[in-house]
Amino acid sequence: MRYLPLSPGERAAMLRAIGRQSIQELFEPIPESLRLSGPLKLPGPMSEPEILEFFRRAAEESSPDYVSFLGAGAYSHYRPVAVDSLLSRGEFFTAYTPYQAEIAQGTLQAMFEFQTLMAQLTGMDVANASLYDGSTAATEAVLMGLRILGGRRVLVARSVHPEYRQVLRTYLQHQDVETVEIPFSASGQLDLDKLEKELKAGPACLLVQSPNFVGALEPTSKISGLVQGAEGLVIVAVAEPLSLAVVQPPTEADIVCGEAQSFGVAVAYGGPYVGFLAAKAQYVRQVPGRLVGETRDTEGRRGYVLTLATREQHIRREKATSNICTNQSLCALAATIYLALLGKRGLKALAEQNLAKAHYAAQELAAVPGVSAAFTAPFFNEFSIRAPRKVDRLLAALGDEKIIGGLKLERFYPELKDHVLIAVTETARRMDLDRMVRTYRRVLAADPPPARQSAKATPSGEPVAR
Amino acid sequence: MVPVELQYTKDHEWIRVDQSTGTIGITDHAQNELGDIVFVELPKAGDHVSAKESLGSVESVKAVSDIYSPVSGEVLAVNAKLQDKPELINTDPYGDGWLVRVSLSDPHEVETLMSSEEYAAYVQDKAAH
Amino acid sequence: MIKSIQSARPHVTRNEDLIFELSAPGKRGAELAPLDVPALSAGEALGPELARGEIEGFPEVSELEVIRHFTRLSTWNYGVDTGLYPLGSCTMKYNPRVNEVAARLEGLATLHPYAPAELAQGCLRVLHETARCLAEITGMDAVSLQPAAGAQGELTGILIIRAYLQERGQPREFVLVPDSAHGTNPASVAISGYKVRNLKSNARGCVDLSELEHAMTEDVAGLMLTNPNTLGVFESEIRKIADLVHAKGGLLYMDGANMNALVGVAQPASFGVDVMHLNLHKTFTTPHGGGGPGSGPVAVRKFLDPYLPSPVVARDSDGRYFLNANRPKSIGRVRAFCGNFGMAVRALAYILANGAEGLKQTTEDAVLNANYIRARLKDLYELPYDAPSLHECVFSDSRQAAKGVRTGDIAKRLVDYGFHPYTTSFPLIVPGAMMIEPTESASKAELDAFIEAMRAIAAEAEEDPELVRQAPHTTRVTRLDGTAAARKPVLRWRP
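Criteria and cut-off values
Residues numbered from 1 in each chain as written. Chains lettered and ligands numbered in written order. Predicted model: local features only at pLDDT ≥ 70, side-chain atom pairs only at ≥ 80, totals over all residues. Heavy atoms only, no water. Helix = DSSP H or I, 4+ residues; strand = E, 2+ residues; numbered from the N terminus. Buried < 20%, exposed > 50% of the residue type's maximum accessible area, 1.4 Å probe, protein only. Contact = heavy atoms within 4.5 Å. Buried area = accessible area lost by both parts, 1.4 Å probe. Salt bridge = Lys/Arg side-chain N within 4 Å of Asp/Glu carboxyl O. Polar contact = N/O pair within 3.5 Å; in protein donor to acceptor, adjacent residues only side chain to side chain. Nonpolar A, V, L, I, M, F, W, Y, C, P; charged D, E, K, R; others polar. Domains from an automatic or database assignment. Pairing = 2+ DSSP bridges.

(A) Structural view of the environment of B:Val64. Residue and element names in this part refer to chain B. One can find valine 64 in strand 7 (residues 64-68). Its relative accessible area of 23% is what places valine 64 among the partly exposed residues. In sequence terms valine 64 and valine 38 are 26 residues apart; their C-alpha atoms lie 9.9 Å from each other.

Quick look at the structure:
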């Protein structure tokens with residue numbers, strides 16, 4: 001009861017003031033038969049040390065001592081201590097959505113800065129004040145694209161994050177929209193021939209990811225040309241936005257969306273994260289989610305307000321651009337602080353470290369007999385390797401070394417047997433990379449690889465089960 | 001302020017009929033209720049509109065309101081000035097703040113609309129409730 | 001006082017520039033560990049066509065400047081930590097500090113969502129235990145923690161109803177939504193492929209049974225009900241409402257936005273609710289964060305369990321936790337990974353801190369506080385619906401409006417008295433609504449101060465309406481021009 005500020009005496013005085021005998025009287029509108037007769041069966045109450053003990057035990061059972069090369073839409077980057085220090089200010093984290101602008105200028109100005117940073121990073125004109133995460137941002141971007149096109153046809157690259165595609169499917173299932181999957185080619189990039197063929201069937205909205213799920217960077221400029229040439233609309237999703245510090249942004253796209261977790265937000269077993277959505281200026285009234293705009297007060301001073309609110313559900317109700325009510329303000333604030341700390345040079349240097357370490361690891365692994373690079377396309381900090389028939393044994397051996405060696409692509413792509421997706425960020429130490437490579441050598445030397453398998457892909461649906 | 005030469009709808013649109021052409025806008029009462037207009041969404045010339053169906057919307061900071069067409073017909077012109085100056089609807093709802101001009105496909109539809117006296121009484125009656 | 005300063009610019013604490021305007025080339029606020037592999041530039045790795053030059057306009061500032069910049073910005077915010085935050089329907093209650101520490105523990109904060117289940121037992125146990133507690137609190141049988149926020153929880157719930165009815169042959173066409181509902185309700189219904197049929201409230205602000213009987217036809221999939229409703233009034237006829245909906249083959253959805261009035265006192269399952277969502281950021285003290293992250297778990301009765309979003313946390317016969325994705329009837333996924341895991345940690349920490357008794361006391365205090373405010377303000381402010389209310393009370397500005405003072409003005413004037421405003425203009429069935437939800441997180445002294453402020457403003461509205469209409473007078477910025485912002489949107493900084 002340490003969170004409750006009323007004393008027993010005060011409770012009694014308040015009841016007297018409202019003319020009630022007991023607190024039970026206040027609950028009389030709830031019929032007696034619907035009220036609980038006994039206490040809920042819940043653990044607690046616990047003191048603070050007991051709570052921490054409970055969660056410390058859970059934390060210890062969550063492998064804090066493992067080195068991980070998992071990425072796939074959630075990336076481990078170092079978080080400068082200033083990020084949490086500032087997020088912990090109660091004025092930020094205990095505030096509500098900034099509807100009362102005069103006493104929410106802190107959140108509003110920070111969101112305006114976030115919008116600016118996302119627009120600069122993506123090469124777009126405007127960005128919103130964030131969405132739930134990358135998967136919902138991609139989904140909202142497609143819904144937005146369909147509104148702009150007035151269309152009913154979506155082309156989705158098979159190399160878009162499988163869980164983003166699953167979320168999109170959930171949202172589109174009752175929308176009378178035709179979805180066509182565009183495969184990837186041997187390079188790991190979008191199959192442009194297939195794309196062109198599909199574009200002949202009429203204007204469509206394309207969702208493509210870069211770097212895509214298998215790590216390949218997409219030729220977004222060329223793709224945009226093809227789609228827009230066919231009067232379609234291009235959405236580029238970015239799940240690892242740090243790539244944008246060294247890779248040309250998809251400025252030709254119509255909408256750029258993605259996941260900004262990499263910027264100062266903890267991996268935290270999947271969330272909370274922070275989605276972003278940026279677009280060309282002409283589409284601003286179709287943008288879902290909150291937007292912060294600059295304006296003046298009655299004295300002419302600069303200030304910020306939530307704006308273009310008529311797009312939103314509290315006004316438009318069933319005609320709203322989206323049912324989204326909240327953004328991910330605090331995570332967006334984390335990203336803003338993170339990007340301010342790293343800055344123009346720091347972010348680029350950081351991205352180049354990721355590039356260097358990932359390429360070092362990819363080269364060293366590909367040099368191990370029995371291992372090959374899976375795709376030929378350029379990549380940023382994540383790549384796929386192929387190790388015929390040995391993937392399970394390799395990952396198990398790495399597990400013994402307390403290394404989570406990556407993600408088996410077969411989990412989402414049945415045709416990609418023997419493939420491992422490996423992410424290497426700046427947090428990976430060379431000694432651990434070398435240890436991973438030695439383990440590969442040891443396992444594969446002890447058991448030489450069989451004759452080369454045919455890499456024939458087997459078409460298949462997309463199971464979620466493991 | 002309810003000009004006598006116009007016809008009105010219960011949704012607070014007005015229409016000025018000139019032979020087979022009608023100019024449509026929203027009433028002074030409507031713009032007053034909405035407050036400062038910040039954006040207008042209108043059909044394109046050549047689009048077909050139907051009586052009592054939405055032909056677009058007007059937005060203030062805190063509200064969005066559908067505009068229901070008083071008549072059916074083809075859109076001949078839209079007021080392009082509103083894109084940059086939506087406030088014209090506030091300052092001159094019956095003049096420079098007009099929305100669209102349509103060719104009437106069924107002139108009889110106009111007969112079902114309210115006269116200025118009827119509309120004025122309707123607004124007064126609503127305010128009393 | 002500031003006016004008397006002639007020769008120098010006042011300190012930037014009064015007017016902090018944008019981070020971009022503080023930038024100067026060559027500064028940085030973070031340094032990297034030395035690179036321990038051969039260096040590789042973007043040009044070398046990606047080629048000149050793919051490699052990016054510098055990011056135009058990106059800031060360059062030192063760590064100290066970042067700290068000061070955001071600290072100053074924070075001082076222009078009002079949070080629950082600052083004081084009473086009676087924002088109706090938002091449940092702005094205390095965010096316990098231990099929650100934050102728990103969520104940041106190494107392991108919980110660092111584990112990757114694709115880590116194998118055998119390495120993720122701790123995280124999975126937290127999710128499983130949170131779901132179990134929420135099932136007990138609601139009386140429901142199964143819970144999904146995947147929805148990222150309340151609105152996504154609504155969507156999930158309606159999709160579940162649709163999947164269930166579809167399997168029985170017909171998804172039906174409409175969903176009933178009372179006119180007092182939050183705007184996300186109709187928006188979520190629309191995305192689920194249903195049409196909204198609005199349901200008029202009766203004179204008490206509650207569901208009108210005869211209206212319901214009329215509207216609840218066999219092409220209606222269900223009713224979306226907030227209970228207590230947005231007036232804070234409990235739908236006493238809830239059992240009859242549920243029976244009417246069920247009799248026509250529909251399902252009852254409950255928006256759990258107002259669970260802070262019920263936890264430990266009543267379980268929605270006993271009302272006849274089939275599916276509902278909770279807001280961890282309202283009832284279960286995960287911080288609002290200036291507008292997110294939230295979390296909107298969905299709870300269902302047993303017969304709807306198969307339709308929950310996939311995967312769900314399950315336990316095998318050896319007691320090991322795992323993510324079960326083998327759910328052929330599931331509506332699918334609504335969010336990547338395992339939902340907002342960090343919010344589950346915080347919510348569970350809150351439940352553990354309180355236990356059953358503490359949660360019940362919390363509910364009682366929340367209801368007592370709201371009734372205390374209601375009793376002490378109803379002589380000065382109009383109560384449009386006088387049915388007894390639970391955790392919040394809704395006044396209207398009708399008496400003050402006679403002097404030209406509206407709910408928004410009174411709200412802004414409250415700021416001058418040091419309080420965060422209540423919710424204005426909602427629910428829509430109350431013209432000029434003033435929706436007050438003090439929550440349990442208010443001492444009697446603070447409640448009394450709020451009541452005094454509201455009473456003082458009522459007097460000001462009589463004697464000096466202009467003073468109220470121009471408020472706030474004490475903030476760093478005065479009223480901001482929302483019209484100009486919407487007419488010519490400026491949504492980013494440009495050099």
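(B) Up close: the interface of chain A and chain C. Between chain A and chain C, the residue contacts involve 181 residues of the former and 205 residues of the latter. Interface area for chain A against chain C, summed over the two sides, is near 16800 Å², with a carbon-plus-sulfur share of 64%. For the interface between chain A and chain C, the tally reads 10 salt bridges. Its salt-bridge partner being C:Glu54, residue A:Lys344 comes within 3.1 Å of it at the nearest N-O pair. Here chain A is connected to chain C by 80 residue pairs in polar contact (both at pLDDT 80 or more). Looking at the side of chain A that touches chain C element by element, the count peaks at 25 residues for helix 12 (residues 329-366) of chain A. Grouping the amino acids of the side of chain A that touches chain C by side-chain chemistry returns 98 nonpolar, 48 polar and 35 charged.

(C) Structural detail: the environment of C:Asp208. All names here are of chain C. Among the structural elements, aspartate 208 can be located in the loop between strand 3 (195-199) and helix 7 (209-215). A C-alpha to C-alpha distance of 9.5 Å links aspartate 208 and glutamate 237, two positions 29 residues apart in sequence. If we ignore the near neighbours within four places in the chain, the residues touching aspartate 208 are Lys200, Ser201 and Asn202.

(D) Main features of the pattern of salt bridges. For the coordinates displayed, the defined rule picks out 58 salt bridges over all chains. Of the charged contacts, one joins A:Arg79 and A:Asp84 as a salt bridge, the two residues approaching to 3.1 Å between their closest N and O atoms. Among the charged side chains, a salt-bridge network with shared partners connects A:Arg79, A:Asp84, C:Glu100, C:Arg104 and C:Arg346.

(E) Focus on the domain arrangement of chain C. Here the domain parsing of chain C yields domain 1 (2-74) and domain 2 (98-352). Using only C-alpha atoms to locate each centre, domain 1 of chain C and domain 2 of chain C end up separated by 42 Å.

(F) Molecular detail of the pairing of strand 4 (residues 37-41) of chain B. Residue and element names in this part refer to chain B. Of all the 5 residues making up strand 4, 4 are buried; the element is thus mostly covered by neighbouring parts of the structure. Where strand 4 and strand 6 (residues 54-60) come together, 4 bridges link them in antiparallel fashion. The residue bridging isoleucine 37 from the neighbouring strand is serine 60, located in strand 6.

(G) Expanded view of the interface of chain B and chain A. Facing the 10 residues of chain B at the interface are 6 residues of chain A. Across the interface of chain B and chain A, roughly 610 Å² is buried in total on both sides, 47% from carbon and sulfur atoms. When the buried surface of chain B facing chain A is broken down by residue, B:Phe39, B:Glu59 and B:Val64 rank first, second and third, together holding 54% of it. Here A:Arg285 ties to B:Glu59 by a salt bridge, and the two come within 3.8 Å at their closest N and O atoms. Viewed at the interface, chain A and chain B are joined by 0 residue pairs in polar contact (both at pLDDT 80 or more). For the side of chain B that touches chain A, the secondary structure elements donating two or more residues are strand 4, strand 6 and strand 7 of chain B. Among the elements that take part in the side of chain B that touches chain A, strand 6 of chain B stands out by supplying 3 residues, more than any other. When grouped by side-chain class, the residues that make up the side of chain B that touches chain A number 5 nonpolar, 2 polar and 3 charged.

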